[in-house]
Amino acid sequence: MSLQTIEINGIKVTFDKEKTSSYQREKLSGCTCEGCRNFYKTIGMNTELSGFLAQFGIDFNIADEVFWYDMGEGDSFYYDSDGYYGVCGSFDGDEFSFEKSGVTISFLKTACLPVDREDEHFYIGIKGDFPLILNEDERDVENQKLSDKIISLFKKNK
């Protein structure tokens, strides 16, 4: 175990980057629905934000959970998104939030998520209003996969 300590807004945050990264790779998989893929792509385009998460050992493409809501219509469409990333470690004091890289970043002691974590951990929450940035091909991937499966089922039953 290799603990690191940094200070964020005067609060001491202690974490194990390697253990966090290992947990993500072994226990989680990123969701592939349109809202989650849009969330991941938006974070990936924001190098300051993805770099901030990487310092904790977080792969931004694998959140513990992402909640998103369709908002607006037409050209004003966007996703109101909340993503939660678990980190092996702890921080002093109360939960806290701050604005960075165009989003609200929260350090949370708990989150209402399905979890099997047994060791000490906290969550980094990312909240933002993200425009739809997936191109048409990216948007149709999941629907096409489902359509292909349905068509193949009918062909098998002929």
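Heads up: the structure comes first, above all this text.
Residues numbered from 1 in each chain as written. Predicted model: local features only at pLDDT ≥ 70, side-chain atom pairs only at ≥ 80, totals over all residues. Heavy atoms only, no water.

1. Looking at the overall build of the chain
For step 1, the next point in the chain: Helix and strand counts for the chain come out as four helices and seven strands.
For step 2, the next point in the chain: Along the chain, helices and strands appear, N-terminal first, in the series β-β-α-α-α-β-β-β-β-β-α.
For step 3, the next point in the chain: The buried share of the chain, taken over its 158 residues, is 39%.
For step 4, the next point in the chain: Restricting to contacts in the chain with at least 6 residues of sequence separation, those with at least 24 account for 64%.
For step 5, the next point in the chain: Of the roughly 9300 Å² of accessible surface on the chain, 50% is carried by carbon and sulfur atoms. (Helix = DSSP H or I, 4+ residues; strand = E, 2+ residues; numbered from the N terminus. Buried < 20%, exposed > 50% of the residue type's maximum accessible area, 1.4 Å probe, protein only. Contact = heavy atoms within 4.5 Å. Areas by Shrake-Rupley, 256 points an atom, 1.4 Å probe, with all protein chains shown as cover.)

2. Examining helix H1 (residues 17-27)
For step 1, the next point in the chain: Residues Thr 20, Ser 22, Tyr 23 and Gln 24 constitute the buried set of H1.
For step 2, the next point in the chain: Buried-residue contacts for H1 involve strand S2 (11-16) and strand S4 (78-91).
For step 3, the next point in the chain: The residue sitting at the N-terminus of H1 and contributing the capping side-chain oxygen is Asp 16; that oxygen lies 3.2 Å from the backbone nitrogen of Glu 18. (Polar contact = N/O pair within 3.5 Å; in protein donor to acceptor, adjacent residues only side chain to side chain.)

3. So, helix H3 (residues 47-54)
Structural remark: α-helix, 3.6 residues per turn; residues separated by three or four positions point the same way.
For step 1, the next point in the chain: For H3, every residue scored as buried is listed here: Leu 49, Ser 50, Phe 52 and Leu 53. Across the axial projection of H3, the buried residues extend over an arc of 155 degrees, all falling on one side.
For step 2, the next point in the chain: Each element contacted by the buried residues of H3 is listed here: strand S1 (3-8), helix H2 (34-45), S4, strand S5 (96-100), strand S6 (103-108) and strand S7 (121-131). (Arc of directions from axis to C-beta.)

4. Considerations on the packing of aromatic side chains
For step 1, the next point in the chain: If you walk through the whole model with that rule in mind, you get 17 aromatic pairs.
For step 2, the next point in the chain: Arranged with centres 4.8 Å apart and planes meeting at 5 degrees, the rings of Phe 96 and Phe 107 form a pair that is stacked. Within this pair, whereas Phe 96 is found in strand S5, its partner Phe 107 is found in strand S6, the two being separated by 11 residues in sequence. For the pair shown, Phe 96 and Phe 107 are each scored as buried.
For step 3, the next point in the chain: Note on Phe 107 and Phe 122: the rings are 5.7 Å apart at their centroids and 25 degrees apart in plane angle, and the pair reads as stacked. Here Phe 107 is found in strand S6, whereas its partner Phe 122 is found in strand S7, with 15 residues between them in sequence. In this pair, the class of Phe 107 matches that of Phe 122, namely buried.
For step 4, the next point in the chain: Here a set of aromatic residues connected by ring pairs shows up, and it is made of Phe 15, Phe 52, Phe 56, Phe 91, Phe 96, Phe 98, Phe 107 and Phe 122.
For step 5, the next point in the chain: Here the basic side chain of Lys 109 rests over the ring of Phe 91, its NZ or CZ set 4.5 Å away from the ring centre. (Phe/Tyr/Trp six-rings, centres within 6.5 Å; stacked < 30°, edge-to-face > 60°. Lys NZ or Arg CZ within 6 Å of the ring centre and 35° of its normal.)

5. Remarks on the environment of Leu 134
For step 1, the next point in the chain: With respect to the helices, strands and loops of the structure, Leu 134 is situated in the loop between S7 and helix H4 (136-156).
For step 2, the next point in the chain: Take Leu 134: its relative accessible area is 9%, and that puts it in the buried class.
For step 3, the next point in the chain: Considered as a pair, Leu 134 and Gly 35 are 99 residues apart in the sequence and their alpha carbons are 9.5 Å apart.

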